[in-house]
Amino acid sequence: MHTSQPEDRPMLVIDTTGDARGTLSSPSKVDESVERLLSLCPRVGYVGYTYTPFLMTSQVLPDFIYHVPKPPGHFGPEQLFTDTEQPLPLVRTVFDQDRWLPPGHRADHVPGRELSDSLFTALKSFVLACAARRVRGRKRTSNSMLVSVSRFVAVQTRVCDQLAERVGVIAKDLRDRHGPRGQRLMADFEELWRQDFVPTSEAIADAAVPAVSWKQVADQLPIMARQLVVVTAKSASDMMPHLHESEYGGLNIVAVGGAKLAQSLPLEGLTTSYCLRAPANYETLRLLTTPFGPHTGYQDLCRLYATLEVLDTQHRLTARINGQRKELQELAGLDITPAQAVLRVRATHSPGRSWETLDFALALERVRQNFRTLEAFIRGLGRAGTPDPRTAANLLWHGVTPAKIAEFLGAYLPGSEPSWNRLGEICRYLRRGAGLGGLSEWTVQLVSPPKSPVLVEVAGHRVGTVRRAPLPRGNEDGFRIRRLSAVGNEYADLDPDQYLRAIDATRSAAAVDPARPARGHEPTRPSRAAVEAVRRPDQALLSIYLVRGEETVDHEVTAPLVGLAVSLPRSAALSDPSSPLS
């Protein structure tokens, strides 16, 4: 950049550092650097480019927002972590990491002598994927495997040495694959191929991808093993010396990194990821956990090996990102500016804004206590619930005071410590809002599916239970679900005029949505973003679900699990960062 007479030279700033941004109240060093750069020239254009729709810089609000369509053959977290369609069967859960590399380890920790079985399996999976890609004609392309197991550089180096030693053993055994050790290793590879790769490839059928036989793959394994390079991935420069070393025209690299990766990391052809720790930011988590990019011809070969913690974090962040993208598209149908839309989306997803039960404790006394608390709350409302005219089955109580809501939420027993903390935020937020004159008009909804086969009496009301599938939890005790609330139950507090405005906004947004099929059906109910946009500042909804699931039978639970969903308003006053409620 020229420093002489900058006022005569217009400047265009393109910012791709969205993963390192702070907040309005606590800007990061990157924020400060961007602000300083923008202040150097009065004629400046700023473009923030990010995978996530978060606000790129804490002070600059957008004049326009453009959603870049996903190119053909590109896939990412949305295809692996989805509630609306069948996810791709590429995720493998890791349970055996603690003995090899326990959580909470220090920088001087020495991993166990032998790699965990899951990491060795992931390594073999990567070798098989490289061989299969070569059989499919991709002989001069690169493949990469990302291993993220520790935030300490010293531990990463030790893991890198362990993997390099194991890769050397694999290559040595495959040079003599007809010897005793080579035959055992080939048998392991064949078992993994037939039990994992064959059924997965059949499930992700692609007519453009030729079928690959085990014999074809087996013939390529010695070549792929000799080509493997293991490096640390603290920065892009760590891998540069290896990028042109392959005599076969492509590079097969195993990169060992930490909980934070540089965005410029040259992981071409990311095929396999092994991740034990969940970082806090989305961009790094996406790099760590998702074979992301144009994967034409080898989607079925990609694998993600991760712990339940990582998978749960990835799912939550993916849902959050997808929700923000959808909300921005839907808000485009309202008469507001892009800057107002960003502030509204940001306020909607700020901590303490909404909450739903995802963890249930199965201790019998706690389950019964929550049910008794619910019955006491319903009786304390002083009147019978009225049927929701839109569902004819859910029961509604309008005009409930925030004091009664706060008392009920304070007595409710969540199923995990994070849920306790989150519900505490909601209660404090509720009390602040009520003290400032907001959140004074609550609607309570007791959800009752009309075709539920199991009915439960709650304070004199016959209520149907809902079915929610449990998530895997390993050896943990509890019942965990991916989603409690349903979109059709999130607008029970709207009056007829609000409902019409919400459905009109949803249809307007759908009409201009580039991702919507040309002949897609018109939405028949309002979206979550549109519902929140039309709520008044004093208006909030508490939905109560009675949940049943397979695991509750094993624990002899005689009362249904009580689940809650709190939906708070998103208004201009609440979206203002200077508001005491924000």
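This report concerns the structure included in the present document.

1. A look at the overall build of the chain
- The secondary structure content of the chain amounts to 17 helices and 21 strands.
- With an accessible surface of roughly 27,900 Å², the chain has 53% of that area assigned to carbon and sulfur atoms.

2. As for helix α4 (residues 117–135)
- An ideal rise of 1.5 Å per residue puts 27 Å on 19 residues; α4 measures up with 27 Å between its terminal C-alpha atoms.
- Of all the 19 residues making up α4, 16 are buried; the element is thus mostly covered by neighbouring parts of the structure.
- Immediately downstream of α4, the backbone of G137 shows phi near 100°, a positive value.

3. Describing the nonpolar core
- Ranked by size, the top nonpolar core spans 61 residues in total, and within it L163, L221 and Y274 carry the most contacts.
- By residue number, the principal contributor to this core is α4, which donates 11 residues.
- In contact with Y274, not counting residues within four places along its chain, are V94, D96, S116, S118, L119, A122, M145, L146, V147, S148, V149 and Y305.
- The next biggest cluster of nonpolar side chains, apart from the first, holds 49 residues, and it includes L381, V400, I544 and A565.

4. Notes on the pairing of strand β20 (residues 539–548)
- Along β20, nine of the 10 residues are buried, which leaves the element largely enclosed by surrounding structure.
- Bridge count between strand β15 (residues 441–446) and β20: six bridges; the pairing is parallel. Bridge pairing in β20 links T443 to L541.
- Examined bridge by bridge, strand β18 (residues 466–467) and β20 share two bridges and lie parallel to one another. Following the sheet pairing, R467 is matched in β20 by R548.
- When β20 meets strand β21 (residues 561–567), the two strands line up antiparallel, connected through seven bridges. Note that in β21 the partner of L542 across the bridge is V566.

5. Looking at the pattern of salt bridges
- This structure, assessed with the given rule, holds 15 salt bridges.
- Two residues, E114 and R166, come together in a salt bridge whose shortest N-O distance is 2.9 Å. Taken together, the residues span a long stretch of sequence, with E114 in the loop between α3 (97–100) and α4 and R166 in helix α5 (residues 153–175) at a distance of 52 residues.
- By relative accessible area, R166 is classed as buried at 18%.
- Measuring nitrogen to oxygen at the nearest pair gives 2.9 Å for the salt bridge that ties R194 to E190. Here R194 pairs with E190, and both are found in helix α6 (residues 180–203), just four residues apart, close to one helical turn.

6. Details of the packing of α4 against α6
- It is the contact of α4 with α6, at a shortest axis distance of 10 Å, that shows an interaxial angle of 80°. By the angle between their axes, α4 is roughly perpendicular relative to α6. Counting all contacts with α4, which are made through T121, K124, S125, V127, L128, A129 and A132, the residues of α6 involved are D188, F189, L192, W193 and F197.
- Class assignment of the residues belonging to the contact of α4 with α6 gives a composition of eight nonpolar, two polar and two charged.

7. Some details on the sheet that holds strand β7 (residues 252–257)
- Taking strand neighbours across the sheet as the criterion, the six strands line up as β4-β10-β8-β5-β7-β6 in an open arrangement whose pairing is parallel. Each having just a single partner strand, β4 (91–93) and β6 (228–232) make up the two edges of the open sheet. Shown here is a sheet whose adjacent strand axes are inclined to one another by a mean of 15°, direction ignored.
- Of the strand pairs in this sheet, β6 and β7 are connected by five bridges, and their pairing is parallel. Its bridge partner lying in β7, V230 is registered against V254.
- Along the sheet, α4 makes contact with β5 (143–148), β6, β7, β8 (270–275) and β10 (303–306), crossing β5 at roughly 165°.

8. Considerations on the packing of aromatic side chains
- The final tally for this structure, using the stated rule, is four aromatic pairs.
- Residues W193 and F197 carry aromatic rings whose centres are separated by 5.4 Å and whose planes lie at 10° to one another, so their mutual orientation is stacked. Here W193 pairs with F197, and both are found in helix α6, just four residues apart, close to one helical turn. Neither residue differs from the other here; W193 and F197 are each classed as buried.
- Measuring from ring centre to ring centre gives 6.0 Å for F360 and F479, while their planes differ by 50°; the resulting arrangement is tilted. With F360 in strand β12 (residues 359–360) and F479 in strand β19 (residues 479–480), this residue pair connects regions lying 119 residues apart in the sequence.

9. Let's talk about the environment of I321
- Along the chain, I321 falls in helix α9 (residues 308–331).
- You can call I321 buried: its relative accessible area is 1%.
- C-alpha separation for the pair I321 and E78, spaced 243 residues apart in sequence, amounts to 9.5 Å.

10. Quick word on the side chain of T200
- By the secondary structure assignment, T200 is in helix α6.
- The exposure class of T200 is buried, given its relative accessible area of 6%.
- Apart from residues no more than four positions distant in its own chain, T200 is found in contact with P89, L90, R92, D300 and R303.

Basis of the calculations
Residues numbered from 1 in each chain as written. Predicted model: local features only at pLDDT ≥ 70, side-chain atom pairs only at ≥ 80, totals over all residues. Heavy atoms only, no water. Helix = DSSP H or I, 4+ residues; strand = E, 2+ residues; numbered from the N terminus. Areas by Shrake-Rupley, 256 points an atom, 1.4 Å probe, with all protein chains shown as cover. Expected span 1.5 Å × (residues − 1). Buried < 20%, exposed > 50% of the residue type's maximum accessible area, 1.4 Å probe, protein only. Core = buried A, V, L, I, M, F, W, Y, C linked by side-chain atoms within 4.5 Å. Contact = heavy atoms within 4.5 Å. Pairing = 2+ DSSP bridges. Salt bridge = Lys/Arg side-chain N within 4 Å of Asp/Glu carboxyl O. Axes fitted to C-alpha atoms, helices over the stretch in contact; angles between N-to-C directions. Parallel < 35°, antiparallel > 145°, perpendicular 65-115°, else oblique. Nonpolar A, V, L, I, M, F, W, Y, C, P; charged D, E, K, R; others polar. Phe/Tyr/Trp six-rings, centres within 6.5 Å; stacked < 30°, edge-to-face > 60°.

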